[in-house]
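This is what each chain is made of:
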Amino acid sequence: MKLAVWRESGPIPRDRARDLFLDGPPEPDEDFAEAFAELFPGVRIDDIAPERIDEISNAVFRLAREHGLVCYDPQRGLVHNLEPRGVHPQLEMHTGDGMVVTDPDLRLIADVLGTLSPENPFVALVCFGQHFIQVSPGYELEFKEGGKIRGTVTTDLAEVRRAFLEYATGDRAFLQRHEWKPV
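Residues numbered from 1 in each chain as written. Predicted model: local features only at pLDDT ≥ 70, side-chain atom pairs only at ≥ 80, totals over all residues. Heavy atoms only, no water.

1. Things to note about helix α3 (residues 53-66)
So, step 1. For α3, spanning 14 residues, the distance from its first C-alpha to its last is 20 Å, which sits close to the expected 20 Å at 1.5 Å a residue.
So, step 2. Looking at the buried positions of α3, the neighbouring elements they touch are β1 (4-6), α2 (30-39), β2 (70-73), β3 (78-80) and β5 (100-102).
So, step 3. Just downstream of α3, Gly68 is the residue with a positive phi angle, here 70°. (Helix = DSSP H or I, 4+ residues; strand = E, 2+ residues; numbered from the N terminus. Expected span 1.5 Å × (residues − 1). Contact = heavy atoms within 4.5 Å.)

Written as structure tokens, this is what we have:
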């Protein structure tokens, strides 16, 4: 398993990150390489054991952000950009296939929602102790705030993306567009 990190002047889409990765991305800066080596002695970012990919990738996403680098995950076909981000820096995105990203960029959130499948059975955005939104295949949405969990179903992935992006940016308009029932 591999991950790649490099510096970009702004956000890039998945297809551009994939092409750069296939062409051989530039080496990460020395500070990143040193920090990675301290966290994971003897591990190479381009040769991660499959049983450690989730543990290491979550740390790499965080470390890349700290160093101002984008990170490309070729296994999932996802790019972690530095921006634009939501309004909750403590927001975490969790997926059913084991990915955890703290303070994910909005493009990553939208892209991850397109990966819902039996192998990735849910996507959740969570501000622990405060609120969350999550979705499972069939586009069953659940939203928790103020101790109440409400649910709804939609048939439209675009609407799921819209709701998640609104949630991430602090907008609650998605609550008015759907009929929510207690769960």
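2. Describing the environment of Pro118
So, step 1. With respect to the helices, strands and loops of the structure, Pro118 is situated in the loop between α4 (106-113) and β6 (123-127).
So, step 2. Under the relative-accessibility criterion, Pro118 is labelled exposed at 75%.
So, step 3. Taking the C-alpha atoms as reference, Pro118 lies 8.9 Å from Gly96; in sequence the two are 22 residues apart. (Buried < 20%, exposed > 50% of the residue type's maximum accessible area, 1.4 Å probe, protein only.)

3. Re the packing of aromatic side chains
So, step 1. Throughout the structure, instances matching the rule amount to seven aromatic pairs.
So, step 2. Considering the side-chain rings of Phe21 and Tyr72, the 5.5 Å spacing of their centres and the 50° angle between planes classify their relative orientation as tilted. A residue pair is termed long-range when its members are at least 10 positions apart, and Phe21 in helix α1 (residues 14-23) and Tyr72 in strand β2 qualify at 51 residues.
So, step 3. The buried category is assigned to Tyr72, whose relative accessible area is 3%.
So, step 4. Taken together, the aromatic side chains of Phe143, Tyr167, Phe174 and Trp180 make up a single cluster linked through ring pairs. (Phe/Tyr/Trp six-rings, centres within 6.5 Å; stacked < 30°, edge-to-face > 60°.)

4. Side note on the nonpolar core
So, step 1. Among the nonpolar cores identified, the biggest contains 45 residues, and Phe32, Phe36, Val60, Met93, Leu125, Ile133 and Phe164 are the most heavily contacted of them.
So, step 2. Those elements that provide at least two residues to this core are α2, α3, α4, β6, β7 (131-136), β8 (140-145), α5 (157-168) and α6 (174-177).
So, step 3. For this core, the element with the most residues is α3, which contributes seven residues.
So, step 4. Not counting residues up to four positions away in its chain, the partners in contact with Phe32 are Val5, Ile45, Val60, Leu63, Ala64, His67 and Leu69. (Core = buried A, V, L, I, M, F, W, Y, C linked by side-chain atoms within 4.5 Å.)

5. A look at the sheet that holds β3
So, step 1. Strands sit in the order β1-β2-β3 across an open sheet of three strands; the sheet is antiparallel. Each edge of the open sheet carries a strand with a single partner, namely β1 and β3. Strand after strand, the sheet turns through a mean of 20° between neighbouring axes, direction not considered.
So, step 2. Of the pairings in the sheet, the one linking β2 to β3 comprises three bridges and is antiparallel in character. Following the sheet pairing, Asp73 is matched in β3 by Leu78. (Pairing = 2+ DSSP bridges. Axes fitted to C-alpha atoms, helices over the stretch in contact; angles between N-to-C directions.)

6. So, the pattern of salt bridges
So, step 1. Per the stated rule, a full pass over the model turns up 16 salt bridges.
So, step 2. Ionic pairing is found between Arg177 and Glu159, a salt bridge with its closest N-O pair at 2.9 Å. Here Arg177 is found in helix α6, whereas its partner Glu159 is found in helix α5, with 18 residues between them in sequence.
So, step 3. In this structure, Lys181 and Glu179 form a salt bridge, with 4.0 Å as the shortest nitrogen-oxygen distance. Of the two residues, Lys181 and Glu179, neither departs from the other in class, the shared state being exposed.
So, step 4. Residues participating in the shared-partner salt-bridge network are Asp54, Asp73, Arg76 and Asp97. (Salt bridge = Lys/Arg side-chain N within 4 Å of Asp/Glu carboxyl O.)

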